[in-house]
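Structural features, examined
So the chains spell out like this:
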Amino acid sequence: MPPSMSGSRTQSGRVARALWRQLIQRVYPRLDGTPALEGQAFQADYPMVPYARSKRFGWTHYGVMIPDLPAPHRFFSIMSIIGTPGALAFDTDHALVDTPRRNATAVSGTAATHPAHFAGYSIERDCEFADDGKLIRFGSELEIQGSYPEFTVSATFAGLRLALALHATDKVTWFLKTPVYDHLSLLCEYEGTLEFDGDRTIVAGLCTYEYAACPSPYLLRDKPLARSAKAPLDFFTYQIINLAEDGVQLLLTQIRIAGTLAVNKVYVRGLDEYNRTWKDADVRFDVAQYREPAERTPDGRRMALPERFAWTVTDAGREVLRIEAVADTPYTYGLGSGYVGGYRYEGRFRDRPIGGRGYIEYIDRRDE
């Protein structure tokens, strides 16, 4: 590449990163509607629909996550995207089986089903999405049925047969609420069965039901974007912990865009308490050790994944949460361009010792 061209691209990259920093630091806070929804009950008439044929929304997300199943499963997740976000961390161009707007992806499974299940689907050929959201089906493997507050979830792949009934509470966490992008999580109670390798296990507890809808650049041009044209979301982690004996659930997340910290939050909600959020300087996430060797992604990249990590939260200078975690399951590919897995942890919350299992989603593309 001629030096002048290389310099031009480097300069344009700096300008783009500066614009994203301005968006994160100045524009987004003015659009953020989540503070007004803090501690409020979920509105039962909110439409959680797939928007598969919308001219306004470019992608929709449905997710179901359980962080604390018994061995050998450890966790269960469905993390699906209908459409394509146009973001570095979440686009999986190598898995496209249709155009970006007509493509869907899903990662699902437990520690026992690793490395399954990740797949790309054609919305037209492989999926069924009811316009009212009461049926969300990916091939013959995954299906979510129902409407708030009652849902059923089924999964069949890699020797696993899972059937769950979910009851969603009105305890909602709004990750994002803007005029163009909504992303929410509902605290749910579940019960059902897992069949695997001839064993049948009855399970019950707390889980999440998650939904998002957002525009994407593929509304303008339904062809894969160059890397430089994607939103530079280059780091993402999202984790879930159940304090089941208290009916409490913790959600922990950090997001970086163009290297700039965009989201750094811990949420707490429970069967008897509405959402509360700690954020920014009150929240700290540290990786003490990465798993060796780094993971090789299906499209040939290397990604360092955390082996030992910690979260701390302070409130008015007092430590209210400390978690020290060790990843103890395989990481399964397919959370966008990253991974899902499980871990064990110990720590303290609200002046009490805690310990158990957690679920982790993790993508790191900062060094590319």
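The structure displayed is predicted, hence computed values, not measured ones.

Concerning the overall build of the chain
Looking only at helices and strands, the chain has three helices and 23 strands in total. Computed over C-alpha atoms, the radius of gyration of the chain comes to 20 Å, within 12% of the 21 Å expected from 2.2 N^0.38 for 368 residues, which places it in the range of a compact globule. Seen through its C-alpha atoms, the chain measures out along the principal axes to roughly 65 × 55 × 45 Å. Looking at the chain as a whole, 52% of its 368 residues qualify as buried.

Regarding the sheet that holds strand β7 (residues 142–147)
Read from one edge of the open sheet, 11 strands run β4-β3-β2-β1-β11-β10-β9-β8-β7-β6-β5, paired in antiparallel fashion. Strands at the two margins of the open sheet, each flanked by one partner only, are β4 (118–122) and β5 (127–129). Looking at each pair of strands side by side, their axes are set apart by 15° on average, direction ignored. Where strand β6 (residues 135–138) meets β7, four bridges bridge the pair, whose relative direction is antiparallel. Bridge pairing in β7 places Arg137 opposite Glu143.

Description of the pattern of salt bridges
One pass over the full model with this rule turns up 22 salt bridges. For the salt bridge of Glu324 with Arg322, the shortest nitrogen-to-oxygen distance reads 3.8 Å. A relative accessible area of 49% means that Glu324 is categorised as partly exposed. The exposure class of Arg322 is partly exposed, given its relative accessible area of 26%. Between Asp328 and Arg344 there is a salt bridge whose closest N-O contact spans 4.0 Å. Taken together, the positions of Asp328 in the loop between β20 (318–327) and β21 (332–335) and Arg344 in strand β22 (residues 338–349) put the pair 16 residues apart, joining distant regions of the chain. A residue is classified by how much of its surface remains accessible, and Asp328, at 31% relative accessible area, is partly exposed. When salt bridges that share partners are traced, they join Asp299, Arg301, Arg365 and Glu368 into one network.

Quick word on the environment of Ala155
When you line up the elements, Ala155 lands in strand β8 (residues 150–157). The residues touching Ala155, leaving out its near neighbours within four places in the chain, are Phe76, Glu141, Leu142, Leu160, Arg161 and Leu162.

Thoughts on the nonpolar core
Grouped together as the largest cluster of nonpolar side chains are 58 residues, with contacts concentrated most on Phe90, Leu250, Leu321, Ile323 and Phe349. No other element matches strand β12 (residues 233–243), which puts seven residues into this core. The contacts of Ile323, once residues within four sequence positions are left out, are Ile241, Leu250, Leu252, Phe309, Ala310, Trp311, Tyr345, Glu346 and Ile354.

So, the confidence of the model for the chain
Averaged over every residue, the pLDDT of the chain is 93; residues scoring 70 or more account for 94%. Taken together, the stretch residues 1–9 has pLDDT below 50 and engages in two contacts with residues farther than four places along the chain or on a different chain.

Some points on the packing of aromatic side chains
Taken as a whole and judged by the stated rule, the model has 21 aromatic pairs. The interplanar angle of 85° and the centroid separation of 5.3 Å between the aromatic rings of Phe118 and Tyr333 together place this pair among those described as edge-to-face. Of this pair, Phe118 sits in strand β4 while Tyr333 is found in strand β21, placing the two residues 215 residues apart along the sequence. Taking the centre distance of 5.4 Å and the plane angle of 75° together, the rings of Tyr333 and Tyr339 count as edge-to-face. Under the relative-accessibility criterion, Tyr339 is labelled buried at 1%. Here the aromatic residues Phe42, Tyr46, Tyr62, Tyr148, Trp174 and Tyr211 are joined through ring pairs into a cluster of three or more.

Topic: unusual backbone geometry
In this chain, Ala116 is followed by His117 through a cis amide linkage whose omega measures 5°. Assignment of secondary structure puts His117 in the loop between β3 (103–109) and β4. Of note, the amide linkage connecting Tyr148 to Pro149 takes the cis form, showing an omega dihedral of 10°. Mapped onto the fold, Pro149 is located in the loop between β7 and β8. Phi at Asp280 is positive, roughly 55°, even though this residue is not glycine. A relative accessible area of 46% means that Asp280 is categorised as partly exposed. Notably, Ala316 is not glycine yet its phi reads approximately 55°, a positive angle.

Considerations on the pairing of strand β23 (residues 352–364)
For β12 and β23, the ladder comprises seven bridges, and the chain directions are antiparallel. Note that in β23 the partner of Ile241 across the bridge is Gly358. Direction of pairing for β22 relative to β23: antiparallel, over a ladder of 11 bridges. Its bridge partner lying in β23, Phe349 is registered against Arg352.

Digging into the side chain of Thr84
Counting through the fold element by element, Thr84 comes out in the loop between β2 (76–83) and β3. Polar side-chain contacts of Thr84 include one of 2.7 Å to the backbone oxygen of Pro100. Not counting residues within four places of it along the chain, the set of residues in contact with Thr84 comprises Gly58, Trp59, Asp91, Leu96, Pro100, Asn103, Ser216 and Tyr218.

Calculation notes
- Residues numbered from 1 in each chain as written.
- Predicted model: local features only at pLDDT ≥ 70, side-chain atom pairs only at ≥ 80, totals over all residues.
- Heavy atoms only, no water.
- Helix = DSSP H or I, 4+ residues; strand = E, 2+ residues; numbered from the N terminus.
- Rg over C-alpha atoms; globule rule 2.2 N^0.38 Å.
- Buried < 20%, exposed > 50% of the residue type's maximum accessible area, 1.4 Å probe, protein only.
- Pairing = 2+ DSSP bridges.
- Axes fitted to C-alpha atoms, helices over the stretch in contact; angles between N-to-C directions.
- Salt bridge = Lys/Arg side-chain N within 4 Å of Asp/Glu carboxyl O.
- Contact = heavy atoms within 4.5 Å.
- Core = buried A, V, L, I, M, F, W, Y, C linked by side-chain atoms within 4.5 Å.
- pLDDT = per-residue confidence, 0-100.
- Phe/Tyr/Trp six-rings, centres within 6.5 Å; stacked < 30°, edge-to-face > 60°.
- Polar contact = N/O pair within 3.5 Å; in protein donor to acceptor, adjacent residues only side chain to side chain.

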